[in-house]
Each structure stands twice: as structure tokens, then as C-alpha cells.
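Summary of the model geometry
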Amino acid sequence: MPTAIASVERLPHLLTLDGLGGDRIHALLDAAEALRPHALGGTGLRQVLAGRTVCNLFFESSTRTRSSFQLAAQRLGADLLNFDVAASSLSKGESALDTLRSLRAMGVEAFVVRHAEDGAVAALAAAAEPGTALLNAGDGRSNHPTQGLLDLLTIRQHKGGDFSRLAVLIVGDVRHSRVARSALHGLRQLGCRDIRVCAPVGLMPDAAELAGCSHGTALDAMLEGVDVLMALRLQRERMEEGRVPSAAAYFNDYGLDERRLALARPGAIVLHPGPMNRGVEIASAVADGPQSAVLDQVANGVAVRMAVLRHLLGA
Ligand code: ASP
């Protein structure tokens, strides 16, 4: 019997999927699923957050996350402040916390924050006044919980809700990926027993983070029986020089192409959080092919973010 989101204790913030528990994660996914008919347009839910204010506060660039939080807030009828970090007093030395407090004083109740530093959003949440909801839209290499939820929702839609029967392979720059960390948090709590991590030695996370996963450096050998393949971008902005060979050499060893996809289970789906570097971690034939669920992920992102905003704001 699924747990309805209205019956689970309301979270004050969404900072990580770690520790949320399988019931709450499924309840959030159910809530997102129910919102799907409204996620891509329409005015049916414009009263849900009418009169409430949400702020996007992005210290790092973003296409999908920022846009989909904006659309999610608007489709629920919230006032949305897209705060321009570069043009703000942050460039005059004002701290992120003082910025947040000032915006709070203007009536902003929920802040969607992306930051390059690990733990930065949690630190803001700890210091913010009660009643302020912080949504982590990606901090450093640590967490990207709404990405994790949209990945789980996409998997559930394509492969069903019994994660214990699925084999999921995460390939690429796992070491620097907050997307991979949130996926690992979520998959473990939903009972996935066959999680495989494939990366070159320099891009493999520390052993403690691989608890319960099988891992290796040879991609072809890890593809057999895989239901879900998640490819990741090389996070060059978080890497020390020289960790990775050239793009061509990387594609040769770790690029997801049609030949490799054919080694997975028939009907396997391909995920990628974007931005995609075609010809580096994924071939266009796979990214645009029939097994790609990349645009489903994007569409699900709006529904997931609507569900999370609604939950955190108690609407
Ligand atoms: N968009 C994702 C993130 O912000 C993945 C990436 O940038 O490669 O983490």
C-alpha cells in the first residue's frame, strides 16, 4: 500500500536523499506522478501556492534545474524571484546568509539554492530562521536530491516500482558527481540490490561511498544484465588537472555507444542528467535513440519539483 505524501511528516528542507527512507521517497514519487498532468502546462493548480514566494538562488550555472524549479513554482501559482547573483550585492562582499535573510524579510519562504561548495546549502538551512525552507539544487559534489528523485521516478515509470529486481549501472565521473551520490542514496533506500559503478581509477569515489555496490574500470564487462544505464558528464570544473585522458580516449573506454548498449539487457534505458557532452560520455545515436529516457527525466523534473515545493510549503 503506497504511503500518501500528506500522511508523512513534513520535511523542513530538502538537503539530501540520504536517510529519507523508502516510504517517504516513494510518497514523494507518487506525489510527483500525480502532478504530471499539470507539470507541463495548464492553469489547474495555480491556486496551490498563490500568494507564496519562492526564490531561485544559483551560485553555479544551470539549465534544467533552474528552469524546472521556476516552471514548477509558477505552475503552482507561486511568486517566483529569480535572484541574479552576479548583479547583486554578493559581488560587494555580502554573505549568502545575509542575502537570504534580506530576501526572507521580503516574504520569500522557500529558497532553491545551488552552490559550488559541499555543505553550503545545509549550512544556510541551519542558520536560516524557522519557517524558511531550503531546497538543495546541487552543492559541490555532495547532493542533488531533486535530480535523484527525478531519476528514480523515470526508472519507476519505465521499469516498475520493484527496485530490488533491477540492475543499475552508473558510469563516468562518479567521483565528482552529486547526481551519482543522490542516485546511490535513493537506489539503496528503495532496495536496489545490484548497483554497479564503473569509472576510471582517478574518477572512482572513495571505497566507503561504494558500500553495497560492485565496481570496476572495464565497462564492457559490467554491462551484462543491466536494466538502467546512467551516464555522467566529466566534471572538469571540479577536477584537478590530468585526472582524465583526452575526450577521444575517454569515449573509447567509457563512452556509451550503440555497441555497448547492446551488451545490456534488451530494453535497458539510458539516463543522463545533462548537460550532455556528445561524443565524450555518450554517442548521439544513444542519446537520441529509442532507449534514451533523457527527455523523460527532464519532464519528470518539473513534476518532482512541484511535489517537493508543495510538500515543503505544506500546501
Ligand atoms: N546538471 C548536473 C549537476 O548540476 C550534472 C552535471 O552538471 O553534469 O550536477
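Up top is the structure.
First, a word on what this report is: a plain description of the structure on this page. (Residues numbered from 1 in each chain as written. Predicted model: local features only at pLDDT ≥ 70, side-chain atom pairs only at ≥ 80, totals over all residues. Heavy atoms only, no water.)

1. So, the pairing of strand β5 (residues 167–171)
Consecutive side chains of a regular strand alternate in pointing toward one face of the sheet and then the other. Stated precisely, the cut-off is as follows: Note on exposure labels: buried denotes an accessible area under 20% of the residue type's maximum, exposed denotes more than 50%, and partly exposed covers the range between, all computed with a 1.4 Å probe on protein chains only. Secondary structure is summarised from DSSP: a helix means a run of H or I of at least four residues, a strand means a run of E of at least two, and numbering begins at the N terminus for each. Here the rule is simple: two strands pair whenever DSSP picks up at least two bridges between them. If you view a crossover with the strands going away from you and the path from the first strand over the helix to the second runs clockwise, you call it right-handed.
Among the 5 residues that make up β5, 5 are buried, leaving the element largely enclosed by the rest of the structure. Burial along β5 is two-sided: the face carrying A167, L169 and V171 and the face carrying V168 and I170 are both buried. When β5 meets strand β6 (residues 194–198), the two strands line up parallel, connected through 5 bridges. What sits directly across from V171, in β6, is C198. Where the polypeptide runs from β5 across helix α6 (residues 178–189) and back to β6, its parallel neighbour, the crossover connection is right-handed.

2. Some points on the state of the cysteines
Short version of the rule: Our working definition of a disulfide is a cysteine sulfur pair at a distance within 2.5 Å.
In the structure shown here, the tally under the stated rule is 0 disulfides. The cysteine C192 is free of any disulfide, with C213 supplying the nearest cysteine sulfur at 8.8 Å. Overall, C213 belongs to the buried group, its relative accessible area being 13%.

3. Thoughts on the sheet that holds strand β1 (residues 53–58)
To be explicit about the condition: All axes here are fitted lines through C-alpha atoms, helices being fitted over the stretch that makes contact, and every angle between N-to-C directions spans 0 to 180 degrees.
An order of β2-β1-β3-β4 is seen for the 4 strands of this open sheet, with the pairing classed as parallel. The open sheet has two edge strands with one neighbour each: β2 (79–83) and β4 (133–139). If you compare each strand with its neighbour and ignore which way they point, the axes differ by 15° on average. Inspection of the sheet shows strand β3 (residues 110–115) paired to β4 by 5 bridges, in the parallel sense. Counted as the bridge partner of H115 is D139 from β4.

4. Quick word on the environment of G216
Relative to the elements of secondary structure, G216 occurs in strand β7 (residues 213–216). Here the alpha-carbon distance between G216 and C198, two residues 18 residues apart in the chain, equals 5.1 Å.

5. Re the site of the ligand
Condition: Note on terminology: near, applied to a residue and a molecule or strand, indicates that one of the residue's heavy atoms is within 4 Å of it. Here a polar contact is recorded for every N or O atom pair within 3.5 Å, except that within protein the pair must consist of a potential hydrogen donor and a potential acceptor, and residues adjacent in sequence are included only if both atoms are side-chain atoms. Only the protein chains shown count as cover for residues, with accessible areas throughout obtained via the Shrake-Rupley method and a probe of 1.4 Å.
In the vicinity of the ligand, the residues found are R114, H144, R178, V179, R233, Q235, G274 and P275. A distance of 3.2 Å is found between an oxygen atom of the ligand and a side-chain nitrogen or oxygen belonging to R114. A distance of 2.7 Å separates an oxygen atom of the ligand from a polar atom in the side chain of R233. The fraction of the free accessible surface of the ligand (260 Å²) that becomes covered by protein chains is 92%.

6. Observations regarding the nonpolar core
This is how the line gets drawn: To define a nonpolar core, start from buried Ala, Val, Leu, Ile, Met, Phe, Trp, Tyr and Cys residues and group those joined through side-chain atoms within 4.5 Å. Contacts are assigned to residue pairs that have any heavy atoms within 4.5 Å of one another.
Within the largest apolar cluster, 87 residues are counted, with the highest numbers of intra-cluster contacts made by L149, L229 and L309. A per-element tally of this core places helix α11 (residues 294–312) first, with 8 residues. Those residues in contact with L149 that sit more than four places away from it in its chain are L14, L17, I25, L28, L29, V304 and V308. The next biggest cluster of nonpolar side chains, apart from the first, holds 16 residues, and it includes C55, L90, V108 and L134.

7. Focus: unusual backbone geometry
Residue P275 follows G274 across a cis peptide bond; omega there is 0°. Along the chain, P275 falls in the loop between β9 (269–271) and α10 (284–287).

8. Overview of the sheet that holds β6
Strand order in the open sheet formed by 5 strands is β7-β6-β5-β8-β9, and the pairing between neighbours is parallel. Across the chains shown, the open sheet's two edge strands, defined by having one partner strand only, are β7 and β9. The average undirected angle you get between the axes of adjacent strands in this sheet is 20°. Bridge analysis of β5 against strand β8 (residues 228–231) gives 4 bridges, and the strand direction is parallel. Looking at β8, one finds that V168 is bridged to V228.

9. Regarding helix α3 (residues 96–105)
Put simply, the test is: Directions drawn from the helix axis to the C-beta atoms are what define this arc.
Taken together, the buried positions of α3 are A96, T99, L100, L103 and R104. For α3, the angular spread of the buried residues around the axis is 135°, confining them to a single face. Of the surrounding secondary structure, the elements contacted by the buried residues of α3 are β1, β2, β3, α4 (120–127) and β4. Just past α3, the residue G107 takes up positive phi, approximately 100°.

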